[in-house]
Amino acid sequence: MIAPPGAGKGTQGVVIASHFGIPHIATGDLLRDHVARGTELGQTVRASMDAGALVPDEVVLQMVFEALDASGSDGYVLDGVPRTMAQARSLYDFAVERDKTADVALHLDVDDDELVRRLLARAAVSGRTDDTEDVIRHRLALYYEVTHPILDWYGERGILVRVDAHRPADQVGRHILTALEVLKQVVEGSPGLPRRAVDLTSLGRAFGAST
Ligand code: ADP
């Protein structure tokens, strides 16, 4: 899943993982758990996370590779990674070796005003140290600078699915699961077939969303 902070990756990641019975590996959650437990890794990344900066690629990748191998599962939902082109390439190499490359790159599309509104609302209850207005704006800027450009790479591979994520979470989840169920048939039926990116972002308008 590639999406800006506040787009709903966490919520939809859980929905997808439980629907398909596969693990949901969320780097933000794993890192926050390290910080809370005061592990060596947690102490290394704490300051970057509080500032809304990225933690080093090697640190995140090592953590994700371990989680993927430990899961013992063929399927997985990755949430919060890749966030840089270097992470995307390393993950791809790792997955090629294990014949586990991504079947879908899911992009949740939400405009900035809505993202900031959601993040500030969440800030009031989340207790997350990076949910202050300045840090939120920095995380968003970083997303557009280094993460958003990765989408083109997935688009070229024909595995990109774009979903309008302005609507209520249950509606967004329904669109995602419908698209993934259809794609699953395609991937399982003809794994080598060249594919095209799927753009469902007009569904929101078609079903009366205000944006
Ligand atoms: P959000 O999507 O709301 O910004 P996450 O929970 O995914 O939040 O991530 C929180 C923080 O954890 C990020 O701001 C960053 O400091 C760190 N982080 C998470 N994933 C990565 C990653 N793949 N690469 C570098 N830093 C990461």
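In what follows, the accompanying structure is described.

The rules behind each value
Residues numbered from 1 in each chain as written. Predicted model: local features only at pLDDT ≥ 70, side-chain atom pairs only at ≥ 80, totals over all residues. Heavy atoms only, no water. Near = heavy atom within 4 Å. Polar contact = N/O pair within 3.5 Å; in protein donor to acceptor, adjacent residues only side chain to side chain. Areas by Shrake-Rupley, 256 points an atom, 1.4 Å probe, with all protein chains shown as cover. Helix = DSSP H or I, 4+ residues; strand = E, 2+ residues; numbered from the N terminus. Nonpolar A, V, L, I, M, F, W, Y, C, P; charged D, E, K, R; others polar. Contact = heavy atoms within 4.5 Å. Pairing = 2+ DSSP bridges. Axes fitted to C-alpha atoms, helices over the stretch in contact; angles between N-to-C directions. Buried < 20%, exposed > 50% of the residue type's maximum accessible area, 1.4 Å probe, protein only. Salt bridge = Lys/Arg side-chain N within 4 Å of Asp/Glu carboxyl O. Parallel < 35°, antiparallel > 145°, perpendicular 65-115°, else oblique. Left-handed = near helix turned anticlockwise from the far one by under 90°.

**Digging into the site of the ligand**
Move 1: Taken together, 18 residues surround the ligand, and among them Thr27, Ala53, Gly80, Gln87 and Arg139 come closest.
Move 2: One of the side-chain nitrogen or oxygen atoms of Lys9 is found 3.0 Å away from an oxygen atom of the ligand.
Move 3: For the ligand, a nitrogen atom lies 2.9 Å from a polar atom in the side chain of Gln87.
Move 4: With the chains in place, 96% of the 550 Å² that the ligand exposes on its own is no longer accessible.
Move 5: Here the shell around the ligand gets four residues from one element, more than from any other, and that element is helix H2 (residues 27–37).
Move 6: Taken together, the residues that form the shell around the ligand break down as eight nonpolar, four polar and six charged.

**Things to note about the side chain of His34**
Move 1: By the secondary structure assignment, His34 is in helix H2.
Move 2: In contact with His34, not counting residues within four places along its chain, are Thr39, Leu41, Gly42 and Met63.

**A few points about the sheet that holds strand E4 (residues 160–164)**
Move 1: The strand order E3-E4-E5 describes an open sheet built from three strands, whose pairing is parallel. The open sheet terminates on both sides in strands that have one partner only, identified here as strand E3 (105–109) and strand E5 (198–200). Recorded for the sheet is a direction-independent mean angle of 15 degrees between the axes of neighbouring strands.
Move 2: As paired strands, E4 and E5 are joined by three bridges and run parallel to one another. Following the sheet pairing, Val161 is matched in E5 by Val198.
Move 3: Docked against the sheet, helix H8 (residues 150–157) engages E3 and E4, running at close to 120 degrees with respect to E4.

**Notes on unusual backbone geometry**
Move 1: A cis amide bond links Val81 with the next residue in sequence, Pro82, at an omega value of 0 degrees.
Move 2: Note that Pro82 resides in the loop between strand E2 (77–79) and helix H5 (85–97).
Move 3: The backbone phi angle of Asp99 is positive, close to 55 degrees, even though this residue is not glycine.
Move 4: Counting through the fold element by element, Asp99 comes out in the loop between H5 and E3.
Move 5: Residue classification places Asp99 among the exposed positions, given a relative accessible area of 72%.

**Notes on the pattern of salt bridges**
Move 1: Counted under the stated rule, the structure contains 13 salt bridges.
Move 2: Here Arg98 ties to Asp69 by a salt bridge, and the two come within 3.0 Å at their closest N and O atoms. Here Arg98, found in the loop between H5 and E3, pairs with Asp69, found in helix H4 (residues 57–71); they are 29 residues apart in sequence, far enough to count as distant.
Move 3: Its relative accessible area of 31% is what places Arg98 among the partly exposed residues.
Move 4: On the basis of relative accessibility, which here comes to 41%, the residue Asp69 falls in the partly exposed class.
Move 5: Linking Arg118 and Glu114 is a salt bridge whose minimum nitrogen-to-oxygen distance equals 2.9 Å. Taken together, the residues Arg118 and Glu114, both in helix H6 (residues 112–126) and four residues apart, mark about one turn of the helix.
Move 6: Connected through salt bridges with shared partners, the residues Arg122, Arg128, Asp130, Asp131 and Arg139 form a single ionic network.

**Let's talk about the packing of H2 against helix H3 (residues 40–50)**
Move 1: Interhelical geometry of H2 versus H3 gives an angle of 115 degrees and a closest axis separation of 8 Å. Taken together, the axis directions place H2 and H3 in an arrangement best described as roughly perpendicular. In this structure, H2 crosses over H3, and the sense of that crossing is left-handed. When H2 is examined against H3, the residues Gly28, Leu31, Arg32, His34 and Val35 are found in contact with a partner set consisting of Leu41, Gly42, Val45, Arg46 and Met49.
Move 2: Considering only residue class, the contact of H2 with H3 consists of five nonpolar, three polar and two charged.

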